[in-house]
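Topology and contacts: notes
Read off the chains here:
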Amino acid sequence: MSDTVAGAGRGAGGRSPRLLLVLASVAVAFAAADTYVVVLALPDMMTGAGISVEQLQKAAPIISGFLLGYVAMLPLIGRIADLRGRTPVLVAALVLFALGSLVTAAAYDLPSMVAGRFLQGVGGGGLVPATLALVADLYPAERRGVPLGLVSAVQEIGSVLGPLLGAVVLAVADWRAIFLLNLAVGLVLAAAIRSVRGASVVGPGEPPPRRGLPDLLGVLLALVAMVAGGLVFLRPSQLLRDLTWGEMFVPYVGDGRWLTPVGLVAIGASLLFLVRCALARRPLVDLRAWWRSAREADLTGALLLAIALGGVILAFATADPKVQVFSDQGLWYLLGGALGAVAFVVHVRRADAPLVPAGALRRVPAWGAVLVSFFIGAALIAALIDIPLFARTTIHRDSQLMAALVLLRFLVALPVGAVVGGWLTRRVGAGVITAAGMGLAALGFALMTQWEVDSLEHLSSDLTLVVCGFGFGLALAPVNAAILASTDDDVHGVASAMVVVARMVGMLVGISALTALGLRRYYDHLEDNPLPSAREVCGDRTRCTAYSDLIAAAGIPQEHAVFAGAAVAAVLAGLIALVVFRGAATKAVSTAEVLRAGA
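So, a few notes on the structure that sits alongside this text. Fair warning: this is a prediction, and the values are worked out from it, not measured in the lab.

**Concerning the overall build of the chain**
- Within the chain one finds 23 helices and zero strands.
- Sorting the 599 residues of the chain into buried and exposed places 52% on the buried side.
- Excluding contacts between residues fewer than 6 apart, the proportion of contacts in the chain whose partners are at least 24 apart in sequence is 79%.
- In the form shown here, the chain has an accessible surface area of approximately 26500 Å², with 67% of it arising from carbon and sulfur atoms.

Right under this line is the structure:
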């Protein structure tokens, strides 16, 4: 633990830093919940953006925009957290998340909605590495297991609460209320973390909190920009119909909203606000300091890595998994990503202070954690996507919500496993716990390969889902503990970010590869067992229960293939963890072990 952190903990009696960790964990959970809220709100969001429900593929940027912001910018944010400190990044991430929520709630077309989701992704993703690095700041390596498990648990609890929160909000209000709630919670948490920061400085390189009155001119410009921007988004009907005020919404050229008088006022005020922040002695937002931190963190390298990751994300996230592995433009996206990756590697070798410092991941457990995280993500996505899909095609054909709720058995067990895995990390090696967890996950998937059309109606399926979710939970804390124990204090942020990035990329690549495997099995099954026509089964009707049963039965081999592939990915993750985590000093050392080592 660094002197800065240790001194902060002593000066505050340990209370303020741990309160800060609690608030950061709550923020991570809420951001995770937002990821799953969109699943239920997506049809209504499509309508709000002028897209019909039948054009589902056109809504892909709403999802991929969030993923792009979440993953592509994560390494840069993690590195800034190493250089500038944890709490400034936490506050900035929450403000970005809140701003993205506001833009999404007020969105009137697809580009504005995607922009809002991108900002949400950047903010929500930035919370994770800063929070994990904060754990490393507050606890020595042998005591990080439980807090890392708790952070992982609250993040997964967010995934449980997300669909429920979305269902409750949508039952009583419009989809925009979800993002307005995000706005309120994000700002409250940002204010709370900022106030706790005043009691204790936590994290290497963190500047002291500023005192005194804010920049009043900056506040005025920000208010003008927000009010004018809000009018552009909302376009109140009372003002539109008014003979005088209505002229403020008439475009000078074309039909764009931002080319109206009120739109140009919003743009002008925003530009003046940025200039003020760049030049003022005590700006409302210290852009000079953030720009300096971004350059020190290697902004060029971050952009090159973002291109590489963005190519992978867009290639797989914009595809229709029912008919293709990656999108029609996927090869071009992958080519661009490959060029970005090559340029990034060349840049890292030549830069004096690269995004990922030389030797940051040199230890085997460090780069091994990134590899293990990739395979965990590849296996995890099969559970998140295909368990609800199995439920939808078998017992809940008329309710997407009920099919999604089947996954709750899995998601409830996951945070429980995360806490247990964190507790065990202090007593057992990270590799053993990770392997045990992924072994349980593989067992769960193996049992799923035996599911039939009515299996979800039996108690045994609930036990299978609990075992699988508990297994994944066991593996979360040891992986994070291994990389934090095997990297230096000044790179914990970027190291944690790389683990999260690897898991997300693994999920994207995994769902595409497993879906391709499942589709291959599906078509082979149909070739051997061709389906009769609907009229042969239903008579004069084009659809009936008997024919739906036949279609559901035909899809079972496809899901079995996906679950089998996920089991293989889980086994690989466990075996790799056994090998690469052997040198990770994550467990507490007993007195007897110390004496034996001395002898």
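Still more ground to cover, so stick around.
**Some points on the nonpolar core**
- If you look at the biggest cluster of nonpolar residues, it comprises 123 residues, and the most contacted ones within it are Val372, Phe410, Phe445, Phe472 and Phe581.
- Looking at this core, the element that brings in the most residues is helix α15 (residues 364-394), giving 16 residues.
- Setting aside residues up to four positions removed in sequence, Val372 forms contacts with Thr434, Val479, Ala573, Ile576, Ala577, Val580 and Phe581.
- Grouped together as the second largest cluster of nonpolar side chains are 17 residues, Met45, Met46, Ile62 and Ile178 included.

**Re helix α18 (residues 430-448)**
- The terminal C-alpha atoms of α18, which comprises 19 residues, lie 27 Å apart, in line with the 27 Å expected from a rise of 1.5 Å per residue.
- Residues Ala430, Gly431, Ile433, Thr434, Ala435, Gly437, Met438, Ala441, Ala442, Gly444, Phe445 and Met448 constitute the buried set of α18.

**What about the pattern of salt bridges?**
- Applying the stated criterion across every chain, the model contains seven salt bridges.
- The shortest N-O distance in the salt bridge between Asp174 and Arg176 comes to 3.8 Å.
- On the basis of relative accessibility, which here comes to 26%, the residue Arg176 falls in the partly exposed class.
- Notably, a salt bridge pairs Arg409 with Asp462, separated by 3.0 Å at the nearest N-O pair. Residue Arg409 is located in helix α17 (residues 408-425), and its partner Asp462 is located in helix α19 (residues 459-485); the two are separated by 53 residues in the primary sequence.
- For Arg409, a relative accessible area of 35% corresponds to the partly exposed category.

**Let's talk about the side chain of Arg79**
- In this fold, Arg79 is placed in helix α4 (residues 74-84).
- With residues near it in sequence (within four places) discarded, Arg79 still touches Ala297, Pro354, Leu355, Pro357, Asp490, Val491 and Val494.

**Considering α19**
- For α19, built from 27 residues, the straight-helix expectation of 39 Å at 1.5 Å per residue is met to within 8% by its first-to-last C-alpha distance of 41 Å.
- The element α19 is extensively covered by neighbouring structure, given that 19 of its 27 residues are classed as buried.

**Considering unusual backbone geometry**
- Residues other than glycine seldom take positive phi values, yet Arg235 does so here, at roughly 45°.
- With respect to the element layout, Arg235 can be found in the loop between α9 (216-234) and α10 (237-241).
- Judged by relative accessible area, which is 29%, Arg235 ranks as partly exposed.
- At Asp298, a position not held by glycine, the phi torsion is positive, near 80°.
- Examined against the element boundaries, Asp298 turns out to sit in the loop between α12 (287-296) and α13 (299-317).
- Under the relative-accessibility criterion, Asp298 is labelled buried at 6%.

**Description of the environment of Asp34**
- Here Asp34 shows up in helix α2 (residues 15-48).
- Since its relative accessible area comes to 1%, Asp34 is described here as buried.
- Along the sequence, Asp34 and Asn182 sit 148 residues apart, while their C-alpha atoms lie 7.8 Å from each other.
- Setting aside residues up to four positions removed in sequence, Asp34 forms contacts with Phe66, Phe97, Arg117, Gln120, Phe179 and Asn182.

**Quick look at the packing of α4 against α12**
- Closest axis-to-axis distance for the α4/α12 pair is 9 Å, and the angle between their directions is 110°. Our classification of the angle between α4 and α12 gives roughly perpendicular. Crossing hand, α4 versus α12: right-handed. From α4, Leu76, Ile80, Leu83 and Arg84 reach across to α12, where they touch Ala289, Trp290, Ser293, Ala294 and Glu296.
- Partitioning the contact of α4 with α12 into residue classes produces six nonpolar, one polar and two charged.

**Structural notes on the environment of Pro236**
- As for its position among the elements, Pro236 is in the loop between α9 and α10.
- Judged by relative accessible area, which is 24%, Pro236 ranks as partly exposed.
- Distance from Pro236 to Gly246, taken between C-alpha atoms, is 9.8 Å for residues 10 residues apart in sequence.

**So, the environment of Ser373**
- Position of Ser373 among the secondary structure elements: in helix α15.
- A residue is classified by how much of its surface remains accessible, and Ser373, at 4% relative accessible area, is buried.
- In sequence terms Ser373 and Val499 are 126 residues apart; their C-alpha atoms lie 6.1 Å from each other.
- Leave out the neighbours within four places in its chain, and Ser373 touches Val499, Ala502 and Arg503.

**Quick word on a positive patch on the surface**
- On the surface, Arg18, Arg143, Arg426 and Arg427 cluster together to form a positively charged patch.
- Its location among the elements puts Arg18 in helix α2.
- Here Arg18 falls in the partly exposed class, since its relative accessible area comes to 32%.

**Considerations on the packing of α15 against α19**
- Direction vectors running N to C along α15 and α19 enclose 155°, while the axes themselves pass 10 Å from each other. In terms of orientation, α15 lies roughly antiparallel with respect to α19. Note on packing geometry: the crossing formed by α15 with α19 is left-handed. Across from Pro365, Ala366, Ala369, Val370, Val372, Ile376, Ala379, Leu380 and Ile387 in α15, the residues of α19 making contact are Leu465, Phe472, Ala475, Val479, Ala482 and Ile483.
- Of the residues that constitute the contact of α15 with α19, the class distribution is 15 nonpolar, no polar and no charged.

**Here we look at a nonpolar patch on the surface**
- A surface patch of nonpolar side chains, about 680 Å² in accessible area, is lined by Tyr252, Val253, Leu259, Leu264, Ile267, Leu271 and Leu274.
- Mapped onto the elements of the fold, Leu264 is located in helix α11 (residues 261-279).
- Residue classification places Leu264 among the partly exposed residues on the basis of a relative accessible area of 40%.

**Looking at the packing of aromatic side chains**
- Counted by the stated rule, this structure contains 11 aromatic pairs.
- On the numbers, 5.4 Å between centres and 90° between planes, the contact of Phe374 with Phe375 is edge-to-face.
- A centroid spacing of 6.0 Å and a plane angle of 80° characterise the contact between Trp451 and Phe563, whose relative ring orientation is edge-to-face. Residue Trp451 is found in the loop between α18 and α19, and its partner Phe563 is found in helix α22 (residues 545-580); the two are separated by 112 residues along the sequence.
- Overall, Trp451 belongs to the buried group, its relative accessible area being 4%.
- Since its relative accessible area comes to 0%, Phe563 is described here as buried.
- Taken together through their ring pairs, the aromatic side chains of Phe390, Phe410, Phe445, Trp451, Phe472 and Phe563 make up a single cluster.
- Above the plane of the ring of Trp290 lies Arg84, whose end atom (NZ or CZ) is 4.4 Å from the centre.

Scoring rules and cut-offs
- Residues numbered from 1 in each chain as written.
- Predicted model: local features only at pLDDT ≥ 70, side-chain atom pairs only at ≥ 80, totals over all residues.
- Heavy atoms only, no water.
- Helix = DSSP H or I, 4+ residues; strand = E, 2+ residues; numbered from the N terminus.
- Buried < 20%, exposed > 50% of the residue type's maximum accessible area, 1.4 Å probe, protein only.
- Contact = heavy atoms within 4.5 Å.
- Areas by Shrake-Rupley, 256 points an atom, 1.4 Å probe, with all protein chains shown as cover.
- Core = buried A, V, L, I, M, F, W, Y, C linked by side-chain atoms within 4.5 Å.
- Expected span 1.5 Å × (residues − 1).
- Salt bridge = Lys/Arg side-chain N within 4 Å of Asp/Glu carboxyl O.
- Axes fitted to C-alpha atoms, helices over the stretch in contact; angles between N-to-C directions.
- Parallel < 35°, antiparallel > 145°, perpendicular 65-115°, else oblique.
- Left-handed = near helix turned anticlockwise from the far one by under 90°.
- Nonpolar A, V, L, I, M, F, W, Y, C, P; charged D, E, K, R; others polar.
- Patch = residues over 30% accessible without salt bridge, like charges linked within 9 Å, V, L, I, M, F, W, Y side chains within 5 Å.
- Lys, Arg positive; Asp, Glu negative; His and termini not counted.
- Charge placed at Lys NZ, Arg CZ, Asp CG, Glu CD.
- Phe/Tyr/Trp six-rings, centres within 6.5 Å; stacked < 30°, edge-to-face > 60°.
- Lys NZ or Arg CZ within 6 Å of the ring centre and 35° of its normal.

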